[in-house]
Amino acid sequence: MKLGLFYLVSLMLIHNQLTCYGCLENERIGLLDIKYFILSTGGEHFLSQRGDPSDLIFSWVDNKSSNCCYWERVKCSNISSGHITELNLGELEIPYFSHLTGMGSMLNVSVFRPFEELRLLNLSSNSLVGFNESRGFSSLKKLEVLDFSSNMLNCSILTSLYGLTSLKSLMLSDNNFNCSLSAIDLTKFSRLELLDLGGNHFTGSIEVVQNLRNLKFLSLRDNYINGLVEGIILTSTK
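Residues numbered from 1 in each chain as written. Predicted model: local features only at pLDDT ≥ 70, side-chain atom pairs only at ≥ 80, totals over all residues. Heavy atoms only, no water.

## A few points about the state of the cysteines
Overall, the coordinates contain 3 disulfides when judged by the stated rule. What pairs with C23 in a disulfide is C68, and their sulfur atoms sit 2.0 Å apart. For the disulfide bridge between C23 and C68, the dihedral angle about the S-S bond is near -115°, and by the sign convention the bridge is left-handed. Taken together, the residues span a long stretch of sequence, with C23 in strand β1 (residues 22-23) and C68 in the loop between α3 (56-59) and β2 (74-76) at a distance of 45 residues. An identical accessibility class is assigned to C23 and C68; each is buried. Shown here is the disulfide that connects C69 with C76, its sulfur atoms set 2.0 Å apart. Taking the torsion about the S-S bond as the criterion, the C69 to C76 disulfide, at about -95°, is left-handed. C69 sits in the buried class, given a relative accessible area of 4%. (Disulfide = S-S within 2.5 Å. Helix = DSSP H or I, 4+ residues; strand = E, 2+ residues; numbered from the N terminus. Buried < 20%, exposed > 50% of the residue type's maximum accessible area, 1.4 Å probe, protein only.)

## Details of the pattern of salt bridges
Across all of its chains, the model carries 8 salt bridges by this definition. Measuring nitrogen to oxygen at the nearest pair gives 3.9 Å for the salt bridge that ties E25 to K64. Of this pair, E25 sits in helix α2 (residues 25-50) while K64 sits in the loop between α3 and β2, and the two are 39 residues apart along the sequence. Judged by its relative accessible area of 10%, E25 is buried. Owing to a relative accessible area of 47%, K64 belongs among the partly exposed residues under this scheme. Linking R221 and D174 is a salt bridge whose minimum nitrogen-to-oxygen distance equals 2.8 Å. Pair noted here: R221 is in the loop between β12 (217-219) and β13 (224-226) and D174 is in the loop between β9 (169-171) and β10 (194-196), with a separation of 47 residues, a long-range link. Since its relative accessible area comes to 25%, R221 is described here as partly exposed. Its relative accessible area of 30% is what places D174 among the partly exposed residues. (Salt bridge = Lys/Arg side-chain N within 4 Å of Asp/Glu carboxyl O.)

## Section: unusual backbone geometry
Phi is mostly negative for residues that are not glycine, and the peptide bonds are mostly trans. Positive phi values are uncommon outside glycine, yet R73 reaches one of about 70°. Among the structural elements, R73 can be located in the loop between α3 and β2. We note that S127 has phi near 55°; this positive angle belongs to a residue other than glycine. Mapped onto the fold, S127 is located in the loop between β6 (120-122) and β7 (128-132).

No statement about biological role is implied by the geometric values presented.
Structural data, given as structure tokens:
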């Protein structure tokens, strides 16, 4: 009886160490790391001038009694105690001055390492020009949807995405990609159902995507691509 009680108490202590209200403790800390990264890119000055339109910074507080599954732009697998499965961090407008100066922000990918159960990551419209610590993507083995549209990314970041083998939707439209489609090793994305590369400067032949057997939608609008793949919905190209 005493042994059983000891075992129960031990489990409770371990649970309290690993979790907070809502998401797991290591993921809560991960969210705060993302917040501090945003502030380090100049977001603090921006917010002081224009406010935080999404309440991202002010709802993400370093307080264990705050349920991080209720924080803005966060979704958990279980609202009471579960992994974070979705992060919608698009259109934060925090790198506002980057648009004015023509400079962009480098994304520190290591901040996403704690989110091993993440299924959706939206980082669109944030003036991103590249990645630091790109190995952080290697922990996102279950990521299915990745949105980097409307940034300032180029072909140098493509190899950083190859570890995301569970991707079903990849949005890279309206960036600065200016290489051949053949530069993308599409064998790394065999599960893709949606691929949006529109609004870039990709060149080459569309035939390189023919081995993506699960692909249902492909956008190559406003690129310099030749060819047609039968059975795939394709938006217009240049």
